[in-house]
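What the coordinates show
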Amino acid sequence: METEIKKENTKKVRFLILTAFHKRAHISEIYWLGIERLKERFNIETLAIVSDPENKELACGNSDHVLETTNEPHGQKMNQAMAHAVTFEFDLLMQLGSDDLITNRGIEKCIDMLSRGHLFFGFNRLLIYNSQNGQAKEKFYGNVFGAGRCIARPILVKALRKGDLWEPERERGMDTTSEHAIEKYTGFTALPVEFDKAQV
């Protein structure tokens, strides 16, 4: 049976949410509204990776940390982002896309996973919302995907000491590639966040 995490305990875990932005600033504006909601309850800092003027302006007004870089190649960009991320203090690094939103309950489940000793985990179910027709559908994946994936700082540091998480020229398969690299470097496999009947 799932239990609610007491409000005073939700501030104890320090999250660094890393998100790369490129164009689609109107979508980014919705992302930052979601972050504003999360910060009301949780101990969250953000690291925005930006590569265009509109998103840079948004990030400078909303993000705790900003890294400006070129958008391509994606592998090189994300390797720079991870190297920059570990210069900050946090308990969990969470990766979100610029078009991803996560509920308070989703963050609570990440805190619960960490409290049970899990150091590398993420979600394998999500709701896909079509902003044009207002419809949403739930989708399940066989593996953990990048939206909301969490890596404990010691695991990330250990992995990066052994090598990059992506080949510099990598453009596709970013989630799977980095997951395999972390497993190779640290021995940790990404676990799916467990839910009973609660929605992400």
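Above this text sits the structure in question.
Below: a short report on this structure. (Residues numbered from 1 in each chain as written. Predicted model: local features only at pLDDT ≥ 70, side-chain atom pairs only at ≥ 80, totals over all residues. Heavy atoms only, no water.)

As for the pattern of salt bridges
One pass over the structure, following the stated rule, counts 10 salt bridges. Where Lys39 meets Asp64, a salt bridge forms, and the shortest distance between an N and an O atom there is 2.7 Å. With Lys39 in helix 1 (residues 25–39) and Asp64 in the loop between helix 2 (53–62) and strand 3 (65–68), this pair connects stretches of sequence that are 25 residues apart. Given the relative accessible area of 37%, Asp64 is considered partly exposed. The salt bridge partner of Arg116 is Asp112, with a shortest N-O separation of 3.2 Å. We classify Asp112 as partly exposed; its relative accessible area is 25%. Via salt bridges that share partners, Arg41, Arg105 and Glu108 belong to a single interconnected network. (Salt bridge = Lys/Arg side-chain N within 4 Å of Asp/Glu carboxyl O. Helix = DSSP H or I, 4+ residues; strand = E, 2+ residues; numbered from the N terminus. Buried < 20%, exposed > 50% of the residue type's maximum accessible area, 1.4 Å probe, protein only.)

Considerations on the sheet that holds strand 3
Read across the sheet, seven strands follow the order 3-2-1-4-8-5-9 without closing on themselves; strand pairing throughout is mixed. Looking at strand neighbours, the two that pair on one side only are strand 3 and strand 9 (191–192), the edges of this open sheet. Note: strand 2 (residues 43–50) against strand 3, four bridges, orientation parallel. The partner of Val50 across the bridge, within strand 3, is Glu68. (Pairing = 2+ DSSP bridges.)

By themselves, these figures tell us nothing about what the structure is for.
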